[in-house]
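Spelled out from the first residue to the last, the chains are:
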2 protein chains.
Amino acid sequence: MTEPNNLPSNRSDHASHDESGHEPNGKPFDEAANYSASRYRTPDGAPADIVIFTITSRERGTAKKSLPLRQLEVLLIQRKAWPFQGQWALPGGFSKETETLMDSALRELREETGVADVHIEYYGAYSTPGRDPRGWMISHAFFALVHEHALANRRAADDAADVRLFPIEEALEMNLAFDHREILADALHQIRVKMLTTTIAKSFLPEEFTIGELYQVIEAVVPEFEERNFIRKITSTRSREGIIEEVLDSKGEPKQSNRHSQRAAQLYRFTEYVPRLSIYS
Amino acid sequence: MTEPNNLPSNRSDHASHDESGHEPNGKPFDEAANYSASRYRTPDGAPADIVIFTITSRERGTAKKSLPLRQLEVLLIQRKAWPFQGQWALPGGFSKETETLMDSALRELREETGVADVHIEYYGAYSTPGRDPRGWMISHAFFALVHEHALANRRAADDAADVRLFPIEEALEMNLAFDHREILADALHQIRVKMLTTTIAKSFLPEEFTIGELYQVIEAVVPEFEERNFIRKITSTRSREGIIEEVLDSKGEPKQSNRHSQRAAQLYRFTEYVPRLSIYS
DNA sequence: TTAATAGTGTCTATAAGACAGTATAGA
DNA sequence: TCTATACTGTCTTATAGACACTATTAA
């Protein structure tokens, strides 16, 4: 809550967005011509940074079929230019006057991964003075959830040294450019909360998935998650009824998969329903 | 997801925050001197707008003691100057280079209400091109939760016509300046979700409160809230244990209040504990 | 004595939590 | 036949949800 206020170039406290009732000299502006934003110091850009999460699967080399190891990873790029040249950073880019921040985030995501139709969400602004050596930059943070295979194509096409996936714990220990470590930590906190309170798990799963796969995805994002009777809770408690539903085949029979096990498992899909949570009920 | 890209003044797709791996001519910038943000169009300001919520209490004029009527209200200011002169708007102001967005929101809140120590939270950025006639303005939205008495002092001191509280439904039907109607609607959605999933109710309550008061505050924000056995759920279920606790007097006896009723009610206070919610457990 | 709020008793249905047991089928 | 996953049975305790009932006390 510090409030340094000693630079000559700053806009006064009162000549603001809301001049009404505060204009010190009592002289209202009557028309657009009288308004000049350029009298004041203005930002030097509006960057959008994206934390692109994915969950990678690695088959365990056991004799029998088994569940893959799943790991939460984040896409980082290695900077070629000043500032922070050579350091790893979140992908990002400057927003344009003619687009919304979401537009610019989507553009950046497409450039970085080639995908467009993914879960992407705005979650914060970073404005600490001096955070960017290039000037006054308020950065807008997004996170995106992308399927592993969507990134696999792209990684092969890129210069390998410049764009890479890192396990989340590893990324958090790196010396990232700007305040990207903080932005990344906040993104992780966001998806951990949302993984448990919304149905974003579907962004990491195929359309049709088994209960075991769903459980693994939750675990990959929230390591402390443990629910012994998971299958029963998610499939047969009234309060959660309708979050997921059984998939049936063309004959109306329950559709199953044995991709991870000898015994075939029922396939499910998410519905549109998202339950409302409350600490009071 | 439109992406207009035909203005000459725009920064190119690739000369970005993350130039690495994308610089078309392959020529890296080596030092700060080579970098010039002013080559590109930059924002004309970074305003912060604050949705200041309060809950007003009005005594019902019954013969016996009774619960007050509580209503969720929002503070609006009437603009004196272009643009949107004379229209009602959210209080707000331009952020300075030397402060964070939170600093500028707190400064604005203090100017508007005289209070500083309140719950205030960032919840979004508004960037639709053309949303502000003064130029390229990405607005940062905060909401604040303030006690009624904190605003009462201030309202008396202000020019009465310029600053006022409006019931939330009424405010949503007004022709507000800029895109403030959308910003307000989003704020309302935010506090409705947070009222049920966090302990922000405490921002509208005295330190020590009765179950009836808590219930009323929740109702004022979330009209559809109904919980017949509320007292039992909040005081004697294991999973919610520790959200609130009984207040004891100096002798260690339960402390009670009869401010709203003949029969005295037990006083409670919030603890630090906030339960973690999950759709899967 | 009554109105208005605060709280308890009690019943049924549902859910949580623990953990042992059965089911399946490819290697 | 073994192994890894996918379930189901069963028991105890906790919670949800409904609703009738008692408690308190200033007006």
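Just above sits the structure.
What counts as what
Residues numbered from 1 in each chain as written. Chains lettered and ligands numbered in written order. Predicted model: local features only at pLDDT ≥ 70, side-chain atom pairs only at ≥ 80, totals over all residues. Heavy atoms only, no water. Salt bridge = Lys/Arg side-chain N within 4 Å of Asp/Glu carboxyl O. Buried < 20%, exposed > 50% of the residue type's maximum accessible area, 1.4 Å probe, protein only. Helix = DSSP H or I, 4+ residues; strand = E, 2+ residues; numbered from the N terminus. Axes fitted to C-alpha atoms, helices over the stretch in contact; angles between N-to-C directions. Parallel < 35°, antiparallel > 145°, perpendicular 65-115°, else oblique. Left-handed = near helix turned anticlockwise from the far one by under 90°. Contact = heavy atoms within 4.5 Å. Near = heavy atom within 4 Å. Polar contact = N/O pair within 3.5 Å; in protein donor to acceptor, adjacent residues only side chain to side chain. Phe/Tyr/Trp six-rings, centres within 6.5 Å; stacked < 30°, edge-to-face > 60°.

**Quick notes on the pattern of salt bridges**
Now for step 1: Tallied over the entire structure, the rule returns 24 salt bridges over all chains.
Now for step 2: Linking Arg107 of chain A and Glu99 of chain A is a salt bridge whose minimum nitrogen-to-oxygen distance equals 2.6 Å.
Now for step 3: Overall, the relative accessible area of 1% leaves Glu99 of chain A in the buried class.
Now for step 4: A salt bridge links Lys255 of chain B to Glu208 of chain B; the shortest N-O distance between them is 2.9 Å. Here the residue Lys255 of chain B occupies a position in the loop between β9 (244–246) and β10 (256–257), and Glu208 of chain B occupies one in the loop between α4 (180–197) and β8 (209–210), the gap between them amounting to 47 residues.
Now for step 5: Through salt bridges with shared partners, a single ionic network connects Arg41 and Asp44 of chain A together with Glu97 of chain B.

**Some thoughts on the packing of α4 of chain B against helix α5 (residues 211–221) of chain B**
Residues and elements named next belong to chain B.
Now for step 1: Contact geometry of α4 with α5 gives a least axis separation of 9 Å together with a crossing angle of 150°. It follows that α4 is roughly antiparallel to α5 by the angle criterion. Crossing hand, α4 versus α5: left-handed. Packed against α4, whose contacting residues are Ile191, Arg192, Met195 and Leu196, the element α5 presents Val217, Ile218 and Val221 at the interface.

**Some words on the protein's contact with DNA strand D**
Now for step 1: As a matter of local geometry, DNA strand D sits amid 26 residues, with Arg232 and Arg263 of chain A together with Lys64, Arg238 and Gln262 of chain B nearest to it.
Now for step 2: Of everything in DNA strand D that lies within 4 Å of the protein, sugar and phosphate atoms constitute 57%.
Now for step 3: Within the side chain of Arg60 of chain A, an N or O atom sits 2.7 Å from a phosphate oxygen of DNA strand D.
Now for step 4: Separating a base nitrogen of DNA strand D from a side-chain N or O atom of Arg232 of chain B is a distance of 3.3 Å.
Now for step 5: Elements that contribute at least two residues to the surface near DNA strand D include exactly α6 (230–236) and β11 (265–270) of chain A together with α6 (230–236) of chain B.

**Details of the packing of aromatic side chains**
Residue and element names in this part refer to chain A.
Now for step 1: Within this structure, the stated rule accounts for 21 aromatic pairs over all chains.
Now for step 2: Centroid distance Phe84 to Phe178: 4.7 Å. Interplanar angle 55°. Geometry classified as tilted. Note that Phe84 is positioned in the loop between β2 (69–78) and β3 (88–89) and Phe178 in the loop between α3 (168–173) and α4 (180–197), a separation of 94 residues in sequence.
Now for step 3: Taking the relative accessible area as the measure of exposure, Phe84 reaches 26% and is therefore partly exposed.

Any functional reading would require information that these geometric values do not contain.
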